[in-house]
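What the coordinates show
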Amino acid sequence: MNAPDRNISLPTIRQLDESAVNRIAAGEVIERPASAVKELVENALDAGARRITVDIAYGGKTLIRVTDDGHGIAPMQMPLAVSRHATSKIDGSDLTNIHSFGFRGEALASLGAVGRLTLTSRTAGEEATSLTVTGGALGVCKPAALSSGTVMELRDLFYATPARLKFLRTDRAEMQAISDVIKRLAMAEPFVGFTLRDVSADAARVTFRADPQTGDLFDALHGRLATVLGKDFAENALPIDAERDGIGLTGYAALPTYSRGAAVAQFLFVNGRPVRDKLLLGALRGAYHDFLSRDRHPVAALFIDCPPELVDVNVHPAKSEVRFREPGMVRGLIVSALRHALANAGHRASTTVADATLGAMRPEAPTAPVYQMERSPSLRPQSYQIETPAFAEPTARFEPVIDAAPDTPQATYGPLGAARAQVHENYIIAQTQNGMVIVDQHAAHERLVYEKLKRQMAENGVPTQALLIPDIVELGTDADRLLELDLGRFGLVLEPFGPGAIAVRETPAILGTINAEALLRDILDELDDTGDTLTVQSRIEAVLSRIACHGSIRSGRQMRAEEMNALLREMEATPHSGQCNHGRPTYVELKLSDIERLFGRT
């Protein structure tokens, strides 16, 4: 690497022209076609639109058209609307009291600087007017034909900055990003109708449609989430409604057994604005950490409502991140509200588990027949088997529940029914009022023991072990951050030991011998990542989980009828018993109607 040349002439400071300023601003605000769609649709929502249609051609690279039925823009204000830092949403006197999506007045000027923007609008009592901005060059207002609302048409995005085009992805990937933006805004505004169309070909193709919802907010939100996230999410989501010190939390969160392999279905909104905030995502993950393994992720759509002065939305160019005045309060609200909802769900498990089971039970489509004229030796056994099917010998071990009273009314049993048999000495078959339940006896009892151990720890505290010689850990300026945490409730007792050092005097006895320095640095890393720490608690609960695994009913053990029914009753009375310690279901429920459909009886 060469040393820098210090013998250079004194640089001259220049004021950039308006066109260059707008292109630089566009680089911050308009990252890709999806960014342009977001800005234009948010403008339509701020204009009070009830129906919004978005037309896209070739991933938004050649055409983005947003049509709305909002109040429109007055003809005299059209040139001002496409100038930089001109907006009708704030007056500039108070940047903390923001109630709209947009407020900077940069979007239209930035779009006009890098593409060919045509703005057509009509307000009540006025004639429609059209204005074009091409590469930052402002045209003249002209009369146009439009019944009401506004049409924003952007063609040839980044034609004025062709280098940006090289960084765009395929048309399909850009269209997927646009669809994601529309779906997030559709979730934020359930009473507004959205239509996304791909007009790349001659005939327009609707790729997403969400009709306006009616009813109260919760009913409208539930219907909109069913449209955006699917019927399965709506069936397996728990309503969330909590409030603390003026901050409200509403929305829906899915059961742990309805999880994803990646964090792609976590939708967070602050005062109606879609955000991707590290603090909020960490709180969501923390609320589910005891119910899901590390490779599974919760599914949720959560809406935080708070006074505008308690949150700063002007900390990111795309307004996708926010900063709360009291982040700890917001995080605690999310964690407590979600855990309360999950606890109230009791033993409930996702309906998709039963759907997957029924799918596995359905016979495969018959293969093409193999005729006897085929002379290949490898085909003869197959053709013979098709002509003369035989029944295989049973291999499953079946233990009927002899001493269970078959005429006992089902109403006397709980939702998980009455035990009727045990198969393979591992699965309990129970009969319910309208179907049957298959229970994994080991996974179910493991969860019951685990919840009991956690309850005992919460009541009696975490036993600690005092170190004969305290561990001294040098952490520099991070030492004060750890001392501010209440880690003593988890059995980790820390004391200051000079500048930048911490003395670890007691550790959780259940963890045995630990590397204190590694543990403290893991806690600091988690603080940087999520704003809070669950490291110590997670390690303690991991040990409790292993204890529960070893102390639960093992696979291969025959159970008596009263034992199986007692296990079912305890599952009904224990929160979170619908999934094991790793997030997998502990039972599968099959409705009688589904079973009859398997056999073609309906």
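Before going into details, it helps to say that this report is about the structure given with it.

A look at the sheet that holds strand S21 (residues 464–474)
- The antiparallel open sheet is built from 3 strands, whose spatial order is S21-S23-S22. The open sheet is flanked by S21 and strand S22 (493–496), the only strands paired with a single partner. Pairs of neighbouring strands in the sheet enclose a mean axial angle of 20°, with direction left out of account.
- Pairing of S22 with strand S23 (residues 501–508), which is carried by 4 bridges, proceeds in the antiparallel orientation. Its bridge partner lying in S23, Val-493 is registered against Glu-506.

Details of the sheet that holds strand S12 (residues 266–270)
- Spatially, S10-S11-S14-S12-S13 is the arrangement adopted by the 5 strands of the open sheet, whose pairing is mixed. On the outer flanks of this sheet lie strand S10 (237–244) and strand S13 (273–275), each paired with one strand and no other. Sheet twist, expressed as the mean angle between neighbouring strand axes with direction ignored, is 20°.
- Pairing of strand S11 (residues 247–254) with strand S14 (residues 300–305), which is carried by 6 bridges, proceeds in the antiparallel orientation.

Regarding the pattern of salt bridges
- Considering all chains together, one arrives at 26 salt bridges under this definition.
- Close ionic contact of Glu-572 with Arg-569 constitutes a salt bridge, the shortest N to O distance being 2.9 Å. Within this pair, Glu-572 and its partner Arg-569 are both found in helix H17 (residues 561–573), separated by 3 residues, close to a single helical turn.
- Judged by relative accessible area, which is 26%, Arg-569 ranks as partly exposed.

With respect to the packing of aromatic side chains
- Under the definition given, this model contains 3 aromatic pairs.
- On the numbers, 5.8 Å between centres and 75° between planes, the contact of Phe-218 with Tyr-252 is edge-to-face. Of this pair, Phe-218 sits in helix H7 (residues 217–229) while Tyr-252 sits in strand S11, and the two are 34 residues apart along the sequence.
- By relative accessible area, Phe-218 is classed as partly exposed at 25%.
- By relative accessible area, which is 7% here, Tyr-252 ends up buried.
- Centroid distance Phe-233 to Tyr-258: 6.3 Å. Interplanar angle 55°. Geometry classified as tilted. In this pair, Phe-233 is assigned in helix H8 (residues 231–235) and Tyr-258 in the loop between S11 and S12, connecting sequence segments 25 residues apart.
- Judged by relative accessible area, Phe-233 falls into the buried class, the value being 1%.

Thoughts on helix H10 (residues 327–344)
- When the terminal C-alpha atoms of H10 are compared, their 26 Å separation across 18 residues agrees well with the 26 Å that a helix rising 1.5 Å per residue should span.
- The complete set of buried residues in H10 reads Val-330, Arg-331, Leu-333, Ile-334, Val-335, Ala-337, Leu-338, Ala-341 and Leu-342.
- At the exit of H10 stands Gly-346, carrying a positive phi of roughly 60°.

Cut-offs and rules
Residues numbered from 1 in each chain as written. Predicted model: local features only at pLDDT ≥ 70, side-chain atom pairs only at ≥ 80, totals over all residues. Heavy atoms only, no water. Pairing = 2+ DSSP bridges. Helix = DSSP H or I, 4+ residues; strand = E, 2+ residues; numbered from the N terminus. Axes fitted to C-alpha atoms, helices over the stretch in contact; angles between N-to-C directions. Salt bridge = Lys/Arg side-chain N within 4 Å of Asp/Glu carboxyl O. Buried < 20%, exposed > 50% of the residue type's maximum accessible area, 1.4 Å probe, protein only. Phe/Tyr/Trp six-rings, centres within 6.5 Å; stacked < 30°, edge-to-face > 60°. Expected span 1.5 Å × (residues − 1).

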